[in-house]
Amino acid sequence: MKKTIVSMMVLGMTVTGVGGVYAGTNLQKISAYLNHNIGIQVNGAAYSPTDGKGNKLAPITYNDTTYLPVRAVADALKVPVSYDAIHHQVNIGSGSSTTVSKITYSTAQLAAIHKEFAKFKSFETAYAPQLMVTGDAYQKAGASDDGVYLLFKHMRVGISPRDYSGGYASQSVKLSNGIQAKWYTPDKTPMLGFKLNDRYVTISSEDHTLSKAQIQQVAASVAKLK
């Protein structure tokens, strides 16, 4: 089933949350239809695809062929998907898992991160992702009333002594390091939350650029900073 749906997605090439996809010149204008009559099931369960902001998506019918949104269905199947803006290429499956790279924090950045954690008694040990999606960039660390946040170009990492996911519908996932995590959406931005030792980590892509699969790869790399 996975291969069948992924094949349909490759034909569709509808990638949500990717800036600049339509900026090229090799485009052909067509007339197509949003087909609201087609239902989708994933592994036997009804599924309604949504974009990164939680808006419902519908299959597109064009010349008797149905096209599905790549990112939404790939996330439902837990298949990694990414867009290579340089080569104008959609990567689906295990090949897209190579889109993460090691983060090298500068001495000044490390000092700033440690400084923010030091503001909280019994919470001084600094944690941060060791990996980020290729093309992302670490920007700064800050502190809120209940923890520390790390801002990247395309994601926000919050680290708090409290879990704020209660009361929201959630979907459980297991990270590659074996830690149990869950997706929940308090507003229009999906958030991945999980407990790590004495704290709770929450990761989201505020600009909806990163896929759930990519965020899960980053999440598995969160660890103590030396």
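Relevant structure appears above.
On a predicted model such as this, the values are computed, not experimentally measured, just so you know.

1. Focus: the overall build of the chain
Thought 1: Looking only at helices and strands, the chain has four helices and 18 strands in total.
Thought 2: By the burial criterion, 42% of the 226 residues in the chain qualify as buried.
Thought 3: Intrachain contacts of the chain at a sequence separation of at least 6 include 55% that bridge at least 24 residues.
Thought 4: Just so you have it, the chain exposes about 12800 Å², and 51% of that area is on carbon and sulfur atoms.

2. Things to note about helix α3 (residues 107-117)
For an α-helix the count is 3.6 residues per turn, leaving residues at separations of three or four pointing the same way.
Thought 1: For α3, the set of buried residues is Ile113, Glu116 and Phe117. Down the axis of α3, the sector holding all buried residues measures 100°, keeping them to one side. Relative to its buried face, α3 has exposed residues pointing more than 90 degrees away, namely Thr107, Ala108 and Lys115.
Thought 2: The secondary structure elements touched by the buried residues of α3 are β9 (127-128), β11 (138-144), β12 (147-152), β13 (156-160) and β17 (199-204).

3. Focus: helix α4 (residues 212-219)
Thought 1: Judged by how many residues are buried, α4 sits mostly within the fold: seven of eight residues are covered.
Thought 2: Along α4, the positions that sit buried rather than exposed are Ala213, Gln214, Ile215, Gln216, Gln217, Val218 and Ala219.

4. A closer look at the environment of Ile103
Thought 1: Along the chain, Ile103 turns up in the loop between β8 (100-102) and α3.
Thought 2: Residue Ile103 is classed as buried on the basis of its relative accessible area of 7%.
Thought 3: C-alpha separation for the pair Ile103 and Ala137, spaced 34 residues apart in sequence, amounts to 8.6 Å.

5. Some words on the packing of aromatic side chains
Thought 1: Inspection of the entire model under this criterion finds five aromatic pairs.
Thought 2: Seen in terms of ring centroids, Phe120 and Phe123 are 6.3 Å apart; in terms of plane orientation they differ by 80°. Their pairing is edge-to-face. Take Phe120 and Phe123: they sit in the same class, and that class is buried.
Thought 3: Seen in terms of ring centroids, Tyr138 and Phe152 are 5.3 Å apart; in terms of plane orientation they differ by 70°. Their pairing is edge-to-face. Taken together, the positions of Tyr138 in strand β11 and Phe152 in strand β12 put the pair 14 residues apart, joining distant regions of the chain. Exposure class is identical for Tyr138 and Phe152. Each is buried.

6. Digging into the sheet that holds strand β4 (residues 60-62)
Thought 1: Read from one edge to the other, the open sheet built from three strands follows the order β1-β4-β5, with strand pairing classed as antiparallel. The strands lining the two open edges of the sheet, one partner per strand, are β1 (33-34) and β5 (65-67).
Thought 2: Here three bridges tie β4 to β5, and the two strands are oriented antiparallel to one another. Residue pairing in the sheet places Ile60 in a bridge with Tyr67 of β5.

7. Structural notes on the side chain of Ser221
Thought 1: Note on placement: Ser221 falls in the loop between α4 and β18 (223-224).
Thought 2: Judged by its relative accessible area of 9%, Ser221 is buried.
Thought 3: Within the structure, Ser221 has its side chain in polar contact with the backbone nitrogen of Leu131 (distance 3.0 Å).

8. A short note on the nonpolar core
Thought 1: The biggest cluster of nonpolar side chains holds 36 residues, and the ones touching the most others in it are Ile113, Leu150, Phe152, Phe194 and Ile203.
Thought 2: Among all residues touching Ile203, those that are not within four sequence positions of it are Met155, Arg156, Val157, Pro190, Met191, Leu192, Phe194, Ile215, Val218, Ala219 and Val222.
Thought 3: In this structure, Ala76, Leu77, Val79 and Val90 belong to the second largest nonpolar core, which totals 11 residues.

9. Points about the pairing of strand β14 (residues 170-174)
Thought 1: Sheet topology places β14 next to strand β15 (residues 180-184); five bridges connect them, and they run antiparallel. Paired with Lys174 across the two strands is Gln180, which belongs to β15.
Thought 2: Between β14 and the antiparallel strand that follows it, β15, lie five residues; Gly178 among them carries a positive phi value of about 90°.

10. Description of the pairing of β11
Thought 1: Pairing geometry for β11 and β12, over six bridges, is antiparallel. From the neighbouring strand, Gly142 faces β12, where its bridge partner is Tyr149.
Thought 2: In sequence, β11 turns back onto β12 through a hairpin of two residues.

11. Quick look at the environment of Asp145
Thought 1: Structurally, the position occupied by Asp145 is in the loop between β11 and β12.
Thought 2: When the C-alpha atoms of Asp145 and Ser160 are compared, they prove to be 9.4 Å apart, with 15 residues separating the residues in sequence.
Thought 3: Apart from the residues within four sequence positions on either side, Asp145 is in contact with Phe120 and Arg162.

The rules behind each value
Residues numbered from 1 in each chain as written. Predicted model: local features only at pLDDT ≥ 70, side-chain atom pairs only at ≥ 80, totals over all residues. Heavy atoms only, no water. Helix = DSSP H or I, 4+ residues; strand = E, 2+ residues; numbered from the N terminus. Buried < 20%, exposed > 50% of the residue type's maximum accessible area, 1.4 Å probe, protein only. Contact = heavy atoms within 4.5 Å. Areas by Shrake-Rupley, 256 points an atom, 1.4 Å probe, with all protein chains shown as cover. Arc of directions from axis to C-beta. Phe/Tyr/Trp six-rings, centres within 6.5 Å; stacked < 30°, edge-to-face > 60°. Pairing = 2+ DSSP bridges. Polar contact = N/O pair within 3.5 Å; in protein donor to acceptor, adjacent residues only side chain to side chain. Core = buried A, V, L, I, M, F, W, Y, C linked by side-chain atoms within 4.5 Å.

Shape is all these values report; function is a separate question.
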